[in-house]
Amino acid sequence: MRVLILICGIGMALAAKAPLKVLNDGNKMPIVALGTGRGTAQNKPVEEVRDAVFWAIEAGYRHIDTAVLYNDEVQVGQGVAEAIKKGIVTREQMFITTKLPNDRHPRDQVVTTLKESLGRLGMDYVDLFLIHFPLSTKSDGSSDNIDYLDTWKGMEDAKELGLAKSIGISNFGEAQVDRLLANCKIKPAVNQIEVNPTMTSEPLVAHCQSLGIAVMAYSPFGFLVTRTRHNSTGPPPRIDDSTLNKIAQKYGKTTSQVVLRYLIDRDLIPVPKSTNKDRIAQNIDLFDFKLTADEVNSISRFNRNVSVFD
Ligand SMILES: NC(=O)c1ccc[n+]([C@@H]2O[C@H](COP(=O)([O-])OP(=O)(O)OC[C@H]3O[C@@H](n4cnc5c(N)ncnc54)[C@H](OP(=O)(O)O)[C@@H]3O)[C@@H](O)[C@H]2O)c1
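Attention in this report is confined to the structure presented alongside it. Residue positions are counted from 1 within each chain, in the order its sequence is given. Local features in this predicted model are restricted to residues whose pLDDT is 70 or higher, and side-chain atom pairs enter the listing and the counts only when it is 80 or higher, whereas totals over whole chains, interfaces and linings include all residues. Excluded from the side-chain calculation are hydrogens and water; included are all heavy atoms of the structure.

**Considering the overall build of the protein**
- Put simply, DSSP H or I for four residues or longer makes a helix, DSSP E for two residues or longer makes a strand, and each gets a number counted from the N terminus. Secondary structure assignment for the protein yields 11 helices and 10 strands.
- Every radius of gyration here is taken over C-alpha atoms, with the globule rule written as 2.2 Å times N^0.38, N being the number of residues. Taken over the C-alpha trace, the protein has a radius of gyration of 19 Å; the compact-globule value for 310 residues is 19 Å, and the two agree within 12%.
- Taken along its principal axes, the extent of the C-alpha atoms in the protein is 55 × 50 × 40 Å.
- The buried label applies to any residue whose accessible area, calculated with a 1.4 Å probe on protein chains only, is under 20% of its type's maximum; exposed applies above 50%, and partly exposed to all values in between. A burial count over the protein gives 53% of its 310 residues as buried.
- Each accessible area is a Shrake-Rupley result for a 1.4 Å probe, and residues are judged covered by the shown protein chains and nothing else. Working note: accessible area of the protein is about 14000 Å², and carbon and sulfur atoms make up 53% of it.
- In this charge count, Lys and Arg are treated as positive and Asp and Glu as negative; neither His nor the chain ends contribute. In this description, the location of a charge corresponds to atom NZ of lysine, CZ of arginine, CG of aspartate or CD of glutamate. Between the mean site of the 37 positive side-chain charges and the mean site of the 36 negative ones, the protein shows a separation of 4 Å.

**Some thoughts on the sheet that holds strand S8 (residues 190–194)**
- Strand order in the open sheet formed by 8 strands is S3-S4-S5-S6-S7-S8-S9-S10, with parallel pairing between adjacent strands. Where the open sheet ends on each side, the last strands, each with one partner, are strand S3 (34–35) and strand S10 (269–270). Pairing between strands is defined by DSSP: at least two bridges between the two strands are required.

**Things to note about the pairing of strand S6 (residues 126–131)**
- Within S6, 6 of the 6 residues are buried, which leaves it mostly tucked inside the rest of the structure.
- Here strand S5 (residues 95–100) runs beside S6; their pairing, made up of 4 bridges, is parallel. The residue bridging Lys99 from the neighbouring strand is Leu130, located in S6.
- The path from the first strand over the helix to the second decides the hand: if it runs clockwise while the strands point away from the viewer, the crossover is right-handed. Handedness of the β-α-β unit built from S5, helix H4 (residues 107–121) and S6 comes out right-handed.
- Where S6 lies against strand S7 (residues 164–170), 5 bridges are found, and the strand directions are parallel.

**Considerations on the site of the ligand**
- The rule for a residue being near a molecule or strand is that one of its heavy atoms must lie within 4 Å of it. The environment of the ligand is formed by 29 residues, the closest being Gly37, Asp65, Lys273, Ser274 and Arg279.
- Counted as a polar contact is a pair of N or O atoms within 3.5 Å, where, for protein atoms, one must be capable of donating a hydrogen and the other of accepting one, and residues adjacent in sequence contribute only when both atoms are in side chains. Between the ligand and the protein, one listed contact pairs an oxygen atom with a side-chain N or O atom of Lys273 at 2.7 Å.
- In the model, a nitrogen atom of the ligand is placed 3.2 Å from a nitrogen or oxygen of the Gln282 side chain.
- Under the grouping applied here, Gly and all other residues not named as nonpolar or charged are polar, the nonpolar ones being Ala, Val, Leu, Ile, Met, Phe, Trp, Tyr, Cys and Pro and the charged ones Asp, Glu, Lys and Arg. When grouped by side-chain class, the residues that make up the shell around the ligand number 10 nonpolar, 14 polar and 5 charged.

Structural measurements only, silent on function.
Shown next as structure tokens:
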């Protein structure tokens with residue numbers, strides 16, 4: 001009996017936690033992703049990403065968000081490989097997102113760039129490939145003028161070759177989304193943008209969702225957490241905010257979990273970054289409560305259209 005309880009306990013801890021969302025191309029995406037872009041924490045060794053990815057899979061994540069820009073695709077691949085080797089998941093159960101950097105926008109460089117990412121990840125395909133930004137640069141960082149419509153043709157090539165199961169965009173505004181939709185063969189499945197209590201992005205989210213484009217929410221905590229780039233000058237809420245605390249106490253959750261649940265209740269896919277084992281587990285422990293419409297609205301009222309990025 002004790003053995004059975006132990007096995008069941010392990011099974012529960014290792015099971016997938018987040019439900020799946022069906023994308024407009026029929027593929028299914030887990031609705032919480034581990035963020036691996038470490039921003040200002042990049043002074044820490046990148047090896048921490050390998051452990052974070054492994055702990056995340058143990059905790060029930062099946063979706064990992066990376067990018068060429070984060071310089072951590074090798075470590076993401078190692079974390080996933082370790083979990084596969086230990087029998088926790090198969091590659092097919094995982095959903096891996098990576099992104100095309102700004103200096104690889106010419107159509108004929110898109111597939112080559114993705115193949116390089118796949119080499120670093122140690123994978124045959126990614127589940128989602130995004131244009132990281134709708135702007136192009138030369139390799140020296142100076143601006144270039146490659147139209148993202150041409151870049152998108154390269155993304156379609158990648159999907160048609162089976163190297164990316166789904167393709168999408170990131171940091172595209174409404175007009176850019178519309179122009180792309182009017183000129184594409186394959187619709188973007190996802191737009192990954194910043195959404196958090198001080199940057200609720202309601203018009204853009206509504207626009208994408210009305211077009212069947214799923215929205216991934218990056219920097220989901222906003223200014224809840226310390227952002228060295230802005231010091232403490234960002235608007236509220238902070239982690240000890242009284243409105244968030246009241247909701248957190250009602251459900252027996254933390255204020256960070258309330259903010260992630262707020263995003264899920266807006267039909268968004270949050271991408272929380274953590275390299276701390278306990279916080280990684282906390283950030284996916286979101287599926288035993290749900291906010292009321294009033295609670296969602298009360299959090300949206302923090303909006304100041306202030307981005308955590310310059
Ligand atoms: N597409 C894009 O252009 C774009 C731009 C930015 C970000 N992203 C993606 O989105 C991910 C997340 O964005 P982000 O890193 O800017 O912001 P974030 O996830 O909102 O915040 C990360 C910070 O919150 C801390 N944290 C995590 N969980 C916590 C918890 N439960 N309680 C308290 N603090 C917690 C982390 O520290 P610890 O690690 O110490 O826990 C870290 O300092 C990135 O990693 C990246 O994958 C995409």
